[in-house]
Amino acid sequence: IIPESPRWLISQGRFQEAEDIIRKAAKINKVTAPDVIFDPSELQDLSSQRQQTYTILDLIRTRNILTITIMSVILWMIISVGYFGLSLDTPNLHGDVYVNCFLSAVIEVPAYIISWLLLRNLPRRYSMAAALFLGGCVLLFIQLVPSHLRALSILLVMLGKFGITSAFSMVYVYTAELYPTVVRNMGVGASSMASRLGSILSPYFAYLGAYDRFLPYILMGSLTVLSGILTLFLPESYGMPLPDTIEQMLLVKGLEYRPASSAKRNSKDEEENPEIFKSTAF
């Protein structure tokens, strides 16, 4: 029932199928589709190109995509450790166990709403970094709360989970926008696999509370703050055309730009036909 991605179909040279899906979507949404959806000259150029098969090794083929892959894997793993670690540690909080578990679940509702609003209106990089800094800093402050202020400790834990949950929901969108169409599914899949490794490690963070009550929060808070700093080095994808090829990927902050011939051609086409380039992202 779910249609194939038009971007992926275009990358595979299946232009008619992509156009049919777009026209069907326009009809369902009661939008008048233009007579010409794809520019014929660009379609002819793509048709003449040899269709390349991509593998998981293409995630490390160039220096830029290798850096993005490593940073994404670390980011997903740390966020997963924080999210599941706080969830598993909820029964160990002061007060009623059932109330604490209820609060831990309820706090995710505003976290998802806030992340949705941030994704729609603000840059990805700063939104995710702010959420991670919020989650990490409040977890580090828990050890400074006096023992008799138990309600404040619980509040800080819930704020920490609020920030980490927001980042966890945003990282799916952000990662998908960083990878090009030809390897997007593999990039998100590799990052998600790293997240599962983080969820495997998360119970051991909760077990550290048997040695020191604040040790899990110190470790998870420190890692979350570091991941927030790491996020600031990723390229910004908000308002940018999604990349279709590896050469079109946005550059990681600090890397030297060494344009390939295809990248130069795409950049030139964008300058000459900005509207067409923005709509098709070829």
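Just so you know, these numbers come straight off a predicted model, no measurement behind them. (Residues numbered from 1 in each chain as written. Predicted model: local features only at pLDDT ≥ 70, side-chain atom pairs only at ≥ 80, totals over all residues. Heavy atoms only, no water.)

Colleague: Talk me through helix H8 (residues 150-178); I want residue IDs and the actual numbers.
Modeller: Between its terminal C-alpha atoms H8 stretches 42 Å, which fits the 42 Å expected from 29 residues at 1.5 Å a residue. The largest bend in H8 comes to about 30°, at Val171. With respect to burial, H8 is a largely interior element, 21 of its 29 residues being buried. (Helix = DSSP H or I, 4+ residues; strand = E, 2+ residues; numbered from the N terminus. Expected span 1.5 Å × (residues − 1). Bend = angle between axes of the 7 residues up to and from the residue. Buried < 20%, exposed > 50% of the residue type's maximum accessible area, 1.4 Å probe, protein only.)

Colleague: Let's hear about the UniProt feature "transmembrane region" (unreviewed entry) in the protein chain: which residues, and what values?
Modeller: Listed under "transmembrane region" (unreviewed entry) in the UniProt record, and renumbered for this structure, are residues 65-85, 97-119, 126-145, 151-174 and 214-234. The span residues 151-174 is 100% helix and 0% strand, and its two end C-alpha atoms sit 34 Å from each other. For residues 214-234, helix accounts for 81% and strand for 0%, while the C-alpha atoms at its two ends are 31 Å apart. (UniProt positions renumbered as here; feature names shortened; annotations may be inferred.)

Colleague: So what about the nonpolar core? Which residues, and what values?
Modeller: Grouped together as the largest cluster of nonpolar side chains are 45 residues, with contacts concentrated most on Ile79, Met128 and Tyr217. Broken down by secondary-structure element, the contributors of at least two residues to this core are helix H4 (63-89), helix H6 (108-121), helix H7 (124-141), H8, helix H9 (184-207) and helix H10 (215-231). The contacts of Met128, once residues within four sequence positions are left out, are Leu75, Ile79, Ala167, Met170, Val171, Tyr174 and Thr231. Leu9, Phe15, Ile37 and Phe38 belong to the second-largest nonpolar core, a separate cluster that totals 6 residues. (Core = buried A, V, L, I, M, F, W, Y, C linked by side-chain atoms within 4.5 Å. Contact = heavy atoms within 4.5 Å.)

Colleague: So, the confidence of the model for the protein chain: which residues are in play, and what are the values?
Modeller: Averaged over all residues, the pLDDT of the protein chain equals 82, while 85% of them reach at least 70. The element-level mean pLDDT for the protein chain is lowest in helix H12 (residues 274-280), coming to 40, with H6 highest at 93. Scored below 50 in pLDDT, residues 259-282 makes 32 contacts in the model with residues more than four places away or belonging to other chains. (pLDDT = per-residue confidence, 0-100.)

Colleague: Explain the pattern of salt bridges to me, and be specific about the residues and the numbers.
Modeller: In the structure shown here, the tally under the stated rule is 8 salt bridges. Residue Arg124 pairs with Glu177 through a salt bridge whose shortest N-O separation is 2.9 Å. Of the two residues, Arg124 sits in helix H7 while Glu177 sits in helix H8, which places them 53 residues apart along the sequence. Assigned by exposure class, Arg124 and Glu177 land together as buried. In this structure, Glu236 and Arg125 form a salt bridge, with 4.0 Å as the shortest nitrogen-oxygen distance. Remark: Arg125 occurs in helix H7 and Glu236 occurs in the loop between H10 and helix H11 (261-272); sequence separation between them is 111 residues. Judged by relative accessible area, which is 17%, Glu236 ranks as buried. (Salt bridge = Lys/Arg side-chain N within 4 Å of Asp/Glu carboxyl O.)

Colleague: Please set out the side chain of Thr69 residue by residue, giving values where relevant.
Modeller: By the secondary structure assignment, Thr69 is in helix H4. A relative accessible area of 10% means that Thr69 is categorised as buried. A distance of 2.9 Å separates a polar atom in the side chain of Thr69 from the backbone oxygen of Leu59. In contact with Thr69, other than residues within four places in its own chain, are Leu59 and Tyr179. (Polar contact = N/O pair within 3.5 Å; in protein donor to acceptor, adjacent residues only side chain to side chain.)

Colleague: Go over the packing of aromatic side chains with me, naming the residues and quoting the values.
Modeller: As enumerated under the stated definition, the model contains 6 aromatic pairs in all. Ring geometry for Phe84 against Phe168: centres 6.3 Å apart, planes inclined by 80°, an arrangement best described as edge-to-face. Placement of the pair is Phe84 in helix H4 and Phe168 in helix H8, with a sequence separation of 84 residues. On the basis of an interplanar angle of 90° and a centroid distance of 6.1 Å, the ring pair of Tyr204 and Tyr207 is categorised as edge-to-face. In this pair, Tyr204 and Tyr207 both sit in helix H9, 3 residues apart, roughly one turn of the helix. When sorted by exposure, Tyr204 lands in the same class as Tyr207, which is exposed. (Phe/Tyr/Trp six-rings, centres within 6.5 Å; stacked < 30°, edge-to-face > 60°.)

Colleague: Break down the environment of Gly228 for me, with residues and values.
Modeller: Along the chain, Gly228 falls in helix H10. Judged by its relative accessible area of 0%, Gly228 falls in the buried class. Not counting chain neighbours up to four residues away, the residues in contact with Gly228 comprise Ala129, Leu132 and Phe133.

Colleague: Tell me about the side chain of Thr175, and please be specific about residues and values.
Modeller: By secondary structure assignment, the location of Thr175 is in helix H8. Of the polar contacts made by the side chain of Thr175, one reaches the backbone oxygen of Val171; its length is 2.7 Å. The contacts of Thr175, once residues within four sequence positions are left out, are Ser72, Trp76, Val188 and Ser191.

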